[in-house]
Amino acid sequence: MLEINNLHVKLENEDKQILKGLSLTVEPGSVHAIMGPNGSGKSTLSYVLSGRDGYEVTEGTATLDGEDLLDAEPEDRAARGLFLAFQYPVEIPGVGNMTFLRTALNAQRKARGEAEISSGDFLKLVRAKAKDLKIDAEMLKRPVNVGFSGGEKKRNEILQMAMLEPKMCILDETDSGLDVDAMKLVSDGVNALRAPDRAFLVITHYQRLLDHIKPDVVHIMAAGRIIKSGGPELALEVEKNGYADILAEVEA
Amino acid sequence: MNTAAAKSPRAARREARQASTAAFLETLTLPDGPAWLTGLRKEALARVADLTLPDRRDEYWSYTNPDRLIAHDIRPAEVFKITDEPPMYQGIDRLKLVFVDGVFDADASDPLDGEGVEISHLSEAGDIHWAKDLYGSLEAAGQKPVARPLAALNTALAKDGVLIRVTGKVSRPVSLIYYREAEDAEAVLHNVVKLEPGAELTLLENGPVAARSSICLEAEIGEDAVLHHVRTMGRDHERKGITNLFARVGKGGLFKSFSLSMNGRLMRNEAMVWLTGEGGSAHLAGAAMGDGTFHHDDTVFIAHEAPGCESRQVYKKVLRDGAVGVFQGKILVEQAAQLTDGYQLSQSLLMDENCQFLAKPELEIYADNVKCSHGSTSGEISPDHMFYLRSRGVSEEEAKLLLVLAFLAETLDEISNEHIAEDMRLRLRRWLEKHTH
């Protein structure tokens, strides 16, 4: 589904190389986790895949279902089924959460040549999905993320994911700033979306989240590359011994 | 430091200004009218002579050049085709009063009556009229502490306008519609509204008015009375104009005024509001959008004279392709006005690097137990906001539109009538759809 090949990325305005030959293949229906120390380029990877400005791809490719991803506008990537759950969801005063959700959903439907959803169907849909994530009507009415707690913001990200039904979901440190209960809610939301034609790339610092969202493959990322891949046991190893052992092992 | 040598150039300058003002006033002819009105017009003319016409050296005219608001030659402005726009306030039941090029059009207007409201118009005001105690009086009072000679000139020269006295709670809005036909007409309108204690009115103004316009509104808002005022300026590109708003709010009274400006070459909106009785409120808001030669100026003065009053100023401008926005806003809190709650916000959204926003927020406070805040910012659309919306599939154009409307939302919140607010929102959206590139 997602295929990244020898990806090299630098900052646009700085002579700083961040990704240095990253390769990764995510199959439909699977959950891949990326772990790695601070500064290894995990967030950059999520931004480059979703099309944020400020990065320059100097080498390599990334495709979604065989089609190039890197030259597409962010909205086109979204319409093709890519979704990034932000580490820091932004607050947008003046734009209502409901307006935002409906605009986004209809924009994607339109881009795919589908009819717009009626207001009635939309309301039913959003209420049902919000209920599962314990997002109340008051939160839906507020401007996007304004006055939301850290946990509420993350739940709102998962709500968007549930509404938009993307096929490739990237979760960028979704566990950061979550207490145990919120982590359970968010994980349940993600697990409910697991499907044979949908894949997840879960970026995290801690093994904790992976207790709830069980990965098929765990990758360790350092200095802009995947340095080791393995099963879920790799995450446990990191939790126990830190990254130092793995880094040393790879360098040796 | 004032030496005789330093004083004399100033004195000479004042003499020169008085002379040129006097020469300008010589060329004017006062409109006909009943004796009381003629008397008040002459008094206003004398005020102009004394104040002298404004120029760029005046503190409150340093950001906006008044010359084109005064000059004898009124440059023609192409008439915007009304059919290009859906009519305003569709579906809102209202009493319509139509002016064409600044002259009342009785045939196009609704009958001048309604329950709880007494309406006449200036060009047909009779010898005895309640407005004789009010016409020009708030304008005259509003010449201090900041001189507003163009408002006095309006009082002197206004050919028409409405005179509205409200005695009850009127639910049907009075809607003033200013059409224009001639390419080069000037319209000078002076409206007077008097709300008796406990009365309530919604006053709407819309339309392109004229190639050059001056509109003055004097509003006396009695105890516990409420005036909702919403005005929109038409879209004709070359249009120039000034509005002067004077409102005196009594005990427990409420004055809300919202202005929407789109396009136009030069627009100056002045407001002077006095809160004279305990517990009075004034909310002034403005949304302006323009590009190219657009120059838009909001100059607002709110005087808190009584304790426990509240005031809000919320002004936002969206500027592009070289447009200029000006905000000069002041909250004056007199010594008696303890427990004042004053809020002032002026912001502009610069859509490109050629635009300019000039802001002068001022607070002058003589009471010691008050809450006053003011903020002024200018900036561009946040790239983080843009990316967030686009990452969810919203197109770049739609994302921009949503964010510009979001930026202006706080001004629209100041409109109490949700139907009217929605009408404004649609209008803003249409403008943006046409101008987003």
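Please refer to the structure placed before this passage.
First, a word on scope: everything that follows refers to the structure included in this document. (Residues numbered from 1 in each chain as written. Chains lettered and ligands numbered in written order. Predicted model: local features only at pLDDT ≥ 70, side-chain atom pairs only at ≥ 80, totals over all residues. Heavy atoms only, no water.)

### Notes on unusual backbone geometry
Residues and elements named next belong to chain B. Pro145 follows Lys144 through a cis peptide bond whose omega is 0 degrees. Within the secondary structure, Pro145 sits in the loop between α4 (137-141) and α5 (149-157). The backbone of Asp101 sits at a positive phi, close to 50 degrees, despite the residue not being glycine. Relative to the elements of secondary structure, Asp101 occurs in the loop between β1 (95-100) and β2 (103-104). In this structure, Asp321 is a non-glycine residue whose phi angle is positive, near 50 degrees. (Helix = DSSP H or I, 4+ residues; strand = E, 2+ residues; numbered from the N terminus.)

### Some remarks on the layout of surface pockets
Quantified by volume, the largest pocket comes out at close to 990 Å³. Looking at the lining of the largest pocket, the elements with two or more residues in it are α2 (74-79), β7 (92-96), α3 (97-111) and α5 (137-141) of chain A together with α7 (396-412) and α8 (418-435) of chain B. Here the lining of the largest pocket gets 8 residues from one element, more than from any other, and that element is α3(A). Looking at the lining of the largest pocket, its residues break down into 15 nonpolar, 9 polar and 13 charged. (1 Å grid on protein atoms, 1.4 Å probe; cavity = no way out; pocket = protein on both sides within 12 Å on 5 of 7 lines; lining within 4 Å. Points joined across faces, edges and corners; volume = space filled by probe spheres on them. Nonpolar A, V, L, I, M, F, W, Y, C, P; charged D, E, K, R; others polar.)

### Some points on the sheet that holds strand β3 (residues 31-35) of chain A
All names here are of chain A. In spatial order, the strands read β6-β9-β10-β3-β11-β12; together these 6 strands make up an open sheet with mixed pairing. Here the strands that pair on one side only, and so sit at the sheet edges, are β6 (82-85) and β12 (225-230). On average, adjacent strands in this sheet sit at an angle of 20 degrees to one another, irrespective of strand direction. Pairing of strand β11 (residues 217-222) with β12, which is carried by 5 bridges, proceeds in the antiparallel orientation. Bridged to Met221 within β12 is Ile226. Its contacts with the sheet place helix α10 (residues 244-251) against β11 and β12, and it is angled at close to 105 degrees to β12. (Pairing = 2+ DSSP bridges. Axes fitted to C-alpha atoms, helices over the stretch in contact; angles between N-to-C directions. Contact = heavy atoms within 4.5 Å.)

### Topic: the interface of chain B and chain A
In this assembly, 17 residues from chain B lie in contact with 30 residues from chain A. With both sides pooled, the region where chain B packs onto chain A buries about 1,900 Å², and carbon together with sulfur makes up 68% of that total. Interface area lost by chain B to chain A is led by Phe387(B), Tyr388(B) and Arg392(B), which between them contribute 43%. Here chain B and chain A share 4 salt bridges between them. Our count for the chain B to chain A interface comes out at 12 residue pairs in polar contact (both at pLDDT 80 or more). Taken together, the elements giving at least two residues each to the side of chain B that touches chain A come down to α6 (383-390) and α7 of chain B. (Buried area = accessible area lost by both parts, 1.4 Å probe. Salt bridge = Lys/Arg side-chain N within 4 Å of Asp/Glu carboxyl O. Polar contact = N/O pair within 3.5 Å; in protein donor to acceptor, adjacent residues only side chain to side chain.)

Read these as spatial facts, not as claims about activity.
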